[in-house]
Amino acid sequence: MPDADKERSKEIYHTLPVGKKIQYIFQYYKIILVLIAAGIGVFVYIIVRTLHPDPETILEVALVEAATPMGDEADVFDRFLAAVRTRVR
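About the cut-offs
One numbering rule holds for all chains: residues counted from 1, following each sequence as written. With pLDDT at 70 or above as the cut-off, local features in this predicted model cover only qualifying residues; side-chain atom pairs require 80 or more to be listed or tallied, and sums for whole chains, interfaces and linings still use all residues. To get the side-chain values, all heavy atoms of the structure are used, and hydrogens and water are removed first. Numbered from the N terminus, helices here are DSSP runs of H or I no shorter than four residues, and strands are runs of E no shorter than two. Exposure is judged per residue with a 1.4 Å probe applied to protein chains only, and the accessible area is read against the type maximum: over 50% gives exposed, under 20% gives buried, and values in between give partly exposed. Method for areas: the Shrake-Rupley scheme with a 1.4 Å probe, in which residue coverage is limited to the protein chains shown. Side-chain rings of Phe, Tyr and Trp, where Trp is taken by its six-membered ring, are said to pair if the distance between their centres is within 6.5 Å; with planes under 30 degrees apart they count as stacked, over 60 as edge-to-face, and otherwise as tilted. In this analysis the charged atom, NZ for Lys or CZ for Arg, is taken to sit over a ring once it is within 6 Å of the ring centre and within 35 degrees of the ring normal. Each patch is built from residues lacking any salt bridge and having more than 30% relative accessible area; the joining distance is 9 Å for like charges and 5 Å for nonpolar side chains (Val, Leu, Ile, Met, Phe, Trp, Tyr). When a carboxyl oxygen of Asp or Glu is within 4 Å of a side-chain nitrogen of Lys or Arg, the pair counts as a salt bridge. We score Asp and Glu as negative and Lys and Arg as positive, and we do not count His or the chain ends. Charged side chains are reduced to one point each, which is NZ for Lys, CZ for Arg, CG for Asp and CD for Glu. Each residue gets a pLDDT score, which is the predictor's confidence in that residue and runs from 0 to 100.

Moving on, we get to the overall build of the protein chain. The helix and strand inventory of the protein chain stands at 3 helices and 0 strands. Order of helices (α) and strands (β) in the protein chain, N terminus to C terminus: α-α-α. A total of 89 residues make up the protein chain; the buried ones form 0% of that total. Accessible area of the protein chain: about 8600 Å², with a carbon and sulfur share of 64%.

This is the structure in C-alpha cells:
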C-alpha cells in the first residue's frame, strides 16, 4: 500500500500551482536549506576575510604556557604595547 500512497502524493504534487510547490518544498526541506545557506555564508566569509584582511589588525597572538620575555625581548614588547596604546587613544 505504501506505493499507492507515494503515487497519490506525486499526483497531488503535480497538480499544485508553482507557489504551492515552492511552499511544499520549503516546508519539508527548511532545515536543510537553512544549513546549506549558512554553510555558503561561512565559506564566502572565510574567502573574503582571507583575500581582504583587516588593515587595522596590528598583531594577533596566542600564548599557551609561555614564559615571560626577559631582556631585550621584553623591551620590544613594551615598546609595541606603548605604540598600540597611543594609537588607540
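With that settled, the discussion passes to the packing of aromatic side chains. Enumeration according to the criterion identifies 2 aromatic pairs in this entry. Plain terms: the ring middles of Tyr13 and Tyr24 are 5.4 Å apart, the flat faces sit at 50° to each other, and that makes the pair tilted. Of the two residues, Tyr13 is situated in helix α1 (residues 2–15) and Tyr24 in helix α2 (residues 18–51); the sequence distance between them amounts to 11 residues. Ring-pair connections join several aromatic residues into one group, and the members of that group are Tyr13, Tyr24 and Tyr28. A cation sits over an aromatic face here: Lys21 above Tyr13, 5.4 Å from the ring centre.

Okay, a negative patch on the surface next. Taken together, the side chains of Asp3, Asp5, Glu7 and Glu11 make up a negatively charged region of the molecular surface. In this structure, Glu11 sits in helix α1.

Another aspect to go through is the confidence of the model for the protein chain. Taken residue by residue, the protein chain gives an average pLDDT of 81. The fraction at 70 or more is 81%. Mean pLDDT values for the elements of the protein chain range from 74 in helix α3 (residues 72–88) up to 92 in α2.

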